[in-house]
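As a plain string of letters, each chain reads:
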Amino acid sequence: METESEPYVRLATLRQLHQVVAELNTARSLADTLQTVVDGIVRGLGYELACVNLVRPDGDLVVAAFAGDPAAEALITGRVGSRAAWERRLTMGADWDGLRFIPHTEGWVLLEDDVPQWHTDGPDPRFEDEWHPEDRLYAPMYATGGELLGVISVDRPRNGRRPGAWGREALQMYAFQAAIAISNARLRANMQRALVRLEREQQALRASEESFRQAFEYAPSGMAIAEMGGDQHGRLLRTNDALCRLLGRPASVLRRYSFSDLVHPEDIGTLLRTSAEGGRAELRLGRRDGTYVWVSLRNSVVADAADGPRFLLTHVEDIEERKRHELQLAHRASHDSLTGLPNSAELRARLGARLCRRPQSVRAGAVEALDAAFEGRPEGVGAGVGPGEHGYDGYTAPAATAGPGPGPGPGGEGFDFPGGFPGQPEGPYDHHVHTAAPASDIDDGTKGLAVLFCDLDGFKSINDRFGHHTGDAVLIEVARRLTTGVRDGDTVARLGGDEFVVLADGLGAADAADLAVRLRNAIIPPIRVDGRAVRVGASFGIGWASCGMSADEVLRSADQRMYIEKRSRSKAHRRAG
């Protein structure tokens, strides 16, 4: 019998080992590599049976490849042994320079554990180094970092003997090369999976980009991508056809602009807040023909890539029609449906915007508060501000309050300084320009906000004789004549019925009286309705708005003066029609 000490046996073994190791590196997949490992042991290392137990991600070991016996391969391939059972085996028996040999005299205790096993019957050994069917020889395989990759298990040497030093070394070297091959195969498998995953992600990204492109380009409403941050913040990078049609500009031209170049000057603040915070805003954008269109902007901040530049994706929706309806509804709510003039609510709103709750005068309480603040009273200043004396507000205190409500006398309009008076909280009228009223009906040069209350004379008889159709036509014509007779910026409103009010700012007492005469003369000429001429007269009462009064108080004052004026004229002079 040939022995391992003979040189030619070693040489033959080295040649076979070299050949099977070379085949390890030709396998394409992890499964092929594992099968090549066990086939090489059977063909090149002189064992009849070999299997590879591969460590799974959960730590247990699975029989991944088997060679030498189809029946045994079918029985145990794919079965799993626990990590604890394998660690017990790798600490038993004899350590053969990295290999682990468990003789049959010790291995009987392993017959009942969960590691997959295959044994054949055979006679007991006749001499000391003869192989027993229940002997076990394991070759652990470790990665570079010392991690257990798996265990090679061999059985039934062809020479019937336990391997000697040379056979052990050959198996150990082969296990080392097999570990490298398995690690490389795993790396290749991981790389292939990563490449497949990357390709799928790229395909998904291309599909997503194509979907975005189609959604962007063919969206029925405007879409734009703009730069965010830097010197070019807000510059349009890309626009779709819908936005180009909406603004009447080609995409090549729009790329020269930012939204701040196109927005209405009054809406620039809204745009800047929207660009900085994202979100939604309604504003006006300029068209090529110089007109503006109402749009709704919805901004989304989009990152180009991880930690890459950010962009603004802007959806631009045409809301011109909706805005037109909103303006129409707002106009209907604030204007008379028959004449188109501002109604009572709008009149009171405009009048209230000019008034504050504090009269245009320095009250004793304010002076007392100043005295308390300075812990003394300046020389010559009494408990109040007398006529002609200078008040602390910076204007000349009125000598007397005239008209329907409090207000400054000669000296015109005053204003409040920030912070108001000591001891008085800041109110909504701080920085407010006070509305003043003339001191009397004699024109002293003071200009104020005149309120002309107009009541038509003879209108009821026209309504009763000729019907509401004629009456409505008369009201429409009177509204037109009043509007024509006032200045731009003055307000003509219909309170209801046959009552109208005119607000005219910057008039003196004589100016207001002249305006009332002109408007009365404009109303008196006959009005033709359905071929019939009818006439109405008008009575005017002139009131003055002044801070400290409410809108209702101002209107009530003008109404009272109108009735005084109406009663002062004879019925014959008032009658018309």
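Quick note: structure is the one above.
Residues numbered from 1 in each chain as written. Predicted model: local features only at pLDDT ≥ 70, side-chain atom pairs only at ≥ 80, totals over all residues. Heavy atoms only, no water.

> Before we go on, may I ask you to explain the overall build of the chain in this structure?
Along its length, the chain carries 18 helices and 18 strands. Buried residues in the chain amount to 44% of all 577 residues. Expressed as a percentage of contacts within the chain between residues at least 6 apart in sequence, the contacts between residues at least 24 apart total 59%. Accessible area for the chain stands at about 30400 Å²; split by element, carbon and sulfur atoms hold 52% of it. (Helix = DSSP H or I, 4+ residues; strand = E, 2+ residues; numbered from the N terminus. Buried < 20%, exposed > 50% of the residue type's maximum accessible area, 1.4 Å probe, protein only. Contact = heavy atoms within 4.5 Å. Areas by Shrake-Rupley, 256 points an atom, 1.4 Å probe, with all protein chains shown as cover.)

> When you look at the environment of A50 in this model, what are you seeing that I'm missing?
Within the fold, A50 resides in strand β1 (residues 47–55). Judged by its relative accessible area of 1%, A50 is buried. In the structure, A50 is positioned ten residues away from G40 in sequence and 9.2 Å away in space, judged by C-alpha atoms. Those residues within four positions of A50 in sequence are excluded, and the remaining contacts are V38, I41, V42, A65, F66, A67, S153 and V154.

> It is not clear to me how the sheet that holds strand β9 (residues 236–239) should be interpreted in this structure. Could you clarify?
Within a sheet, each strand pairs with its neighbour through backbone hydrogen bonds, oriented either parallel or antiparallel. Taking strand neighbours across the sheet as the criterion, the five strands line up as β9-β8-β12-β11-β10 in an open arrangement whose pairing is antiparallel. With one partner strand each, in any of the chains shown, β9 and β10 (279–286) form the two edges of the open sheet. Adjacent strand axes in the sheet meet at a mean angle of 30°, parallel and antiparallel pairs treated alike. Of the pairings in the sheet, the one linking β10 to strand β11 (residues 292–303) comprises eight bridges and is antiparallel in character. (Pairing = 2+ DSSP bridges. Axes fitted to C-alpha atoms, helices over the stretch in contact; angles between N-to-C directions.)

> Can you walk me through the environment of R245 in this structure?
You can see R245 is positioned in helix α7 (residues 241–247). Under the relative-accessibility criterion, R245 is labelled exposed at 60%. Sequence separation of R245 and G222 is 23 residues, and the distance between their C-alpha atoms is 8.6 Å.

> Would you mind going over the pairing of strand β2 (residues 61–67) with me for this structure?
A regular strand places its side chains on the two faces of the sheet in alternate fashion. In terms of burial, β2 is a largely internal element, six of the seven residues being buried. With antiparallel pairing between neighbouring strands as the criterion, β1 and β2 make up a hairpin whose turn holds five residues, including G59 at a positive phi of roughly 100°. With two bridges connecting them, β2 and strand β3 (residues 80–81) associate as antiparallel partners. When the sheet's bridge partners are listed, L61 is paired in β3 with G81.

> Help me understand the packing of aromatic side chains in this model?
For any pair of aromatic rings, the description rests on two quantities: the centre-to-centre distance and the angle between the ring planes. Within this structure, the stated rule accounts for four aromatic pairs. Relative to Y138, the ring of W86 lies with its centre 5.3 Å away and its plane at 70°, an arrangement referred to as edge-to-face. Of the two residues, W86 sits in helix α4 (residues 83–89) while Y138 sits in strand β6 (residues 136–142), which places them 52 residues apart along the sequence. The pair formed by W86 and Y138 is uniform in burial state, with each residue classed as buried. Their ring planes at 55° and their centres at 6.0 Å tell us that F101 and W131 sit as a pair that is tilted. Here the residue F101 occupies a position in strand β5 (residues 99–102), and W131 occupies one in the loop between α5 (104–107) and β6, the gap between them amounting to 30 residues. F101 gets classed as buried once you look at its relative accessible area, which sits at 3%. With relative accessibility at 8%, the residue W131 sits in the buried group. Chaining the aromatic ring pairs together yields one cluster made of W96, F101 and W131. Sitting over the ring of W96, R168 keeps its end group 3.9 Å from the ring centre. (Phe/Tyr/Trp six-rings, centres within 6.5 Å; stacked < 30°, edge-to-face > 60°. Lys NZ or Arg CZ within 6 Å of the ring centre and 35° of its normal.)

Read these as spatial facts, not as claims about activity.
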